[in-house]
Structures are given as C-alpha cells and as structure tokens.
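Per-entry structural report
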Amino acid sequence: MTDLAFFLVAALELLFVLLIIGLLCRTPYRVLVQQPAGPLGARQDWRAAQERAEALLQEILTEEEYRQLERRGYLEVRSPSRGHRVYRIPRHQGQVKVYEGGVPVMALCVQSMEPIPDGDAVLMHKLMIEGNEDEYLRIANRFEPTLYGFIALRPRRN
Amino acid sequence: MAKLRVLSSRGDTVVEWDEKKVELGDPDALAAVREAERIFEEQRARGATAFVVTPDKPAQRIDTFDPQAEQVVMVPRVAGG
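Residues numbered from 1 in each chain as written. Chains lettered and ligands numbered in written order. Predicted model: local features only at pLDDT ≥ 70, side-chain atom pairs only at ≥ 80, totals over all residues.

1. Considering helix H2 (residues 27–45) of chain B
Residue and element names in this part refer to chain B. Taking 1.5 Å of rise per residue, the 19 residues of H2 would be expected to cover 27 Å, and the 27 Å separating its terminal C-alpha atoms lies within 8% of that figure. Restricting attention to buried positions, one finds in H2 the residues Ala-29, Ala-32, Val-33, Ala-36, Phe-40 and Gln-43. Buried residues along H2 cover an arc of 100° about the axis, so they all sit on one side. Across H2 from its buried face, at more than 90 degrees, point the exposed residues Pro-27, Ala-31, Arg-38, Glu-41, Glu-42 and Ala-45. Its buried side turned inward, H2 meets strand E1 (2–8), strand E2 (11–17), helix H1 (19–23), strand E3 (49–52) and strand E5 (71–75). (Helix = DSSP H or I, 4+ residues; strand = E, 2+ residues; numbered from the N terminus. Expected span 1.5 Å × (residues − 1). Buried ≥ 20, exposed ≤ 12 C-beta atoms within 10 Å, placed from the backbone. Arc of directions from axis to C-beta. Contact = placed C-beta atoms within 7 Å.)

Structure, rendered in structure tokens:
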C-alpha cells in the first residue's frame, strides 16, 4: 500500500515537472498573426493581402534571400553598424532573434500598429534594420536567451 | 517607372509615375507625382517611415519625398510588441 502511494505521488510529481518544463519552453509573448476584424468577405480580402505581400517580398528580396526564407524559415539581415551581429527575421510574425558571432544574444519584438500580412512584416523588419537600426532597437521590446527560451528584459540601450 | 508603395492591411498600395514623362512635363505624370507626394506626407504624419529600396543595396531611410527614387516603400508606425 505504501509502495503504491509512493509511486502515485512520484508519478504526479513527474507530471507536474513535465508540465512546468512544457510551459517554460513555450516562446514567451509570441505574436500571433493578426487578422483585421471586419464584415463578410474580410477573410478573402486578407488572403488577397497576403498574396500581394508575398509577391512584393519576392520582388524586393534577392533570389538567395527568398530561398533562405523558404528553406530555413527566417531571413538573415546583417547589422549595418555592429560588426558580428545578425538579425534573424521569422517567416511568420514573431520575435526577431539577434546573434553575435553565431551566439543568440537577445530576441526583439517589434510590430506594426496596423495589422499587416506576414510578407510585409518580413519586409518591415528588414527595411527598419537596414535603414533605421538605432530607432528599431530603441522601439523594440527585448528578451534575453535562457535555457528555457527568451525572457523579457528591462529596457536598456544597445 | 518609379513607385511609391505603402504597406497596409490590404497588402501594399502603389502609385507609379514615369520619370522621363515627368521631365518632359507630361500632365498625367506630374499629377501622379503630386499624388505620391501627398500620400507620402499623409503617411509620415501618421508615423510611417519611408525607405528607398534599390536592388542589391541596403534600404535607405528618407524623411522627404524623392520623386527620382526608383522605389520608395513606406512602413506603418511600429511599436514594441
């Protein structure tokens, strides 16, 4: 009887630990793809917007960049001012991961005030990083890498 | 053809004009440039940021409308998420 109770408690504890690990491994504050609310037909409009955005993305990125985005699920953009820094922009809206010398140093969350399609969001991050990096970093909410994912940081500069 | 593109929830909206016709004073081309400039200023007032996009070159931020730029893309106002 005592053994049974022991195993029962142990199993419950194991389940609890697994649950906690599962919760910690989730990407925090993940930005969900926003869809504008609207009357009937809004879903079709949104699909058309996604297609337009995809066409624009394909037009502006080089073949190599677009292939990388399709294959790896992210687009790498080199920092124009910080030597070893690379930004990884996700294919679908979410955090931009920052790597220095191949090591993740932080994640950034920046989003458009107006809902925009995924393709336009990729373009938005790329243009902001290339042409307005300091402002991009000033606006972004930052997350520090940990064993369990990225956690929010207090505001800081650079 | 030069283009002004504005990113929005509908995808991008585009205004196009022919720079050569603008130089020759073509009324339609001049009207298109004026319309592009009006949209540019309107979007800037809403907090949008404009970039000149040139193939194989990093994007360049601009604060005033450039009718000679091959392609200008305007990004809506952004915030920390």
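Having put the structure on the table, let's press on.
2. Observations concerning the environment of A:Leu56
Structurally, A:Leu56 is set in helix H2 (residues 42–60). Exposure remark for A:Leu56: the 21 C-beta atoms within 10 Å place this residue in the buried category. Measuring from C-alpha to C-alpha, the distance between A:Leu56 and A:Val122 comes to 11 Å, with 66 residues separating the pair along the chain. The residues touching A:Leu56, leaving out its near neighbours within four places in the chain, are A:Gly119, A:Leu123 and B:Asp12.

3. Concerning the interface of chain A and chain B
Contacts between the two partners involve 31 residues from chain A, matched on the other side by 22 residues from chain B. Of all the elements in the fold, those that place two or more residues in the side of chain A that touches chain B are H2, strand E4 (103–112) and helix H4 (118–139) of chain A. The dominant element in the side of chain A that touches chain B, judged by the number of residues it contributes, is H4(A), at nine residues. Relative to strand E6 (residues 78–80) of chain B, E4(A) runs antiparallel, the two sharing three bridges. The residue of E6(B) that forms the bridge with A:Gln111 is B:Ala79. (Pairing = 2+ DSSP bridges.)

4. Things to note about the confidence of the model for chain A
Residue and element names in this part refer to chain A. Mean pLDDT over chain A stands at 85; residues scoring 70 or higher make up 84%. Across chain A, strand E2 (residues 85–90) holds the top mean pLDDT of 97, while strand E6 (residues 149–152) sits lowest at 73. Confidence over residues 28–32 falls short of pLDDT 50; this stretch has eleven contacts with residues more than four positions distant or in other chains. (pLDDT = per-residue confidence, 0-100.)

5. Description of the sheet that holds strand E4 (residues 60–62) of chain B
Residues and elements named next belong to chain B. An order of E2-E1-E5-E3-E4 is seen for the five strands of this open sheet, with the pairing classed as mixed. The open sheet has two free edges, formed respectively by E2 and E4, since each of these has just one partner strand. Sheet twist, expressed as the average angle between the axes of neighbouring strands with direction ignored, equals 25°. The pairing of E3 with E4 spans three bridges and is antiparallel. When the sheet's bridge partners are listed, Ala-50 is paired in E4 with Ile-62. (Axes fitted to C-alpha atoms, helices over the stretch in contact; angles between N-to-C directions.)

6. Topic: unusual backbone geometry
Glycine aside, residues mostly have negative phi angles, and peptide bonds mostly take the trans form. Residue and element names in this part refer to chain B. Phi angles above zero are rare outside glycine, and Asp-56 is one such case at about 65°. Positionally, Asp-56 belongs in the loop between E3 and E4. Among the residues examined, Asp-56 registers 5 C-beta atoms within 10 Å and is labelled exposed.

7. Some words on the packing of H2(A) against H4(A)
All names here are of chain A. Between H2 and H4, whose axes approach to 7 Å, the crossing angle comes to 40°. What the angle tells us is that H2 and H4 run oblique. Along its contact with H2, which presents Gln-50, Ala-53, Glu-54, Leu-56, Leu-57 and Ile-60, the element H4 presents Asp-118, Gly-119, Asp-120, Val-122 and Leu-123. For the contact of H2 with H4, the per-class residue count stands at six nonpolar, two polar and three charged. (Parallel < 35°, antiparallel > 145°, perpendicular 65-115°, else oblique. Nonpolar A, V, L, I, M, F, W, Y, C, P; charged D, E, K, R; others polar.)

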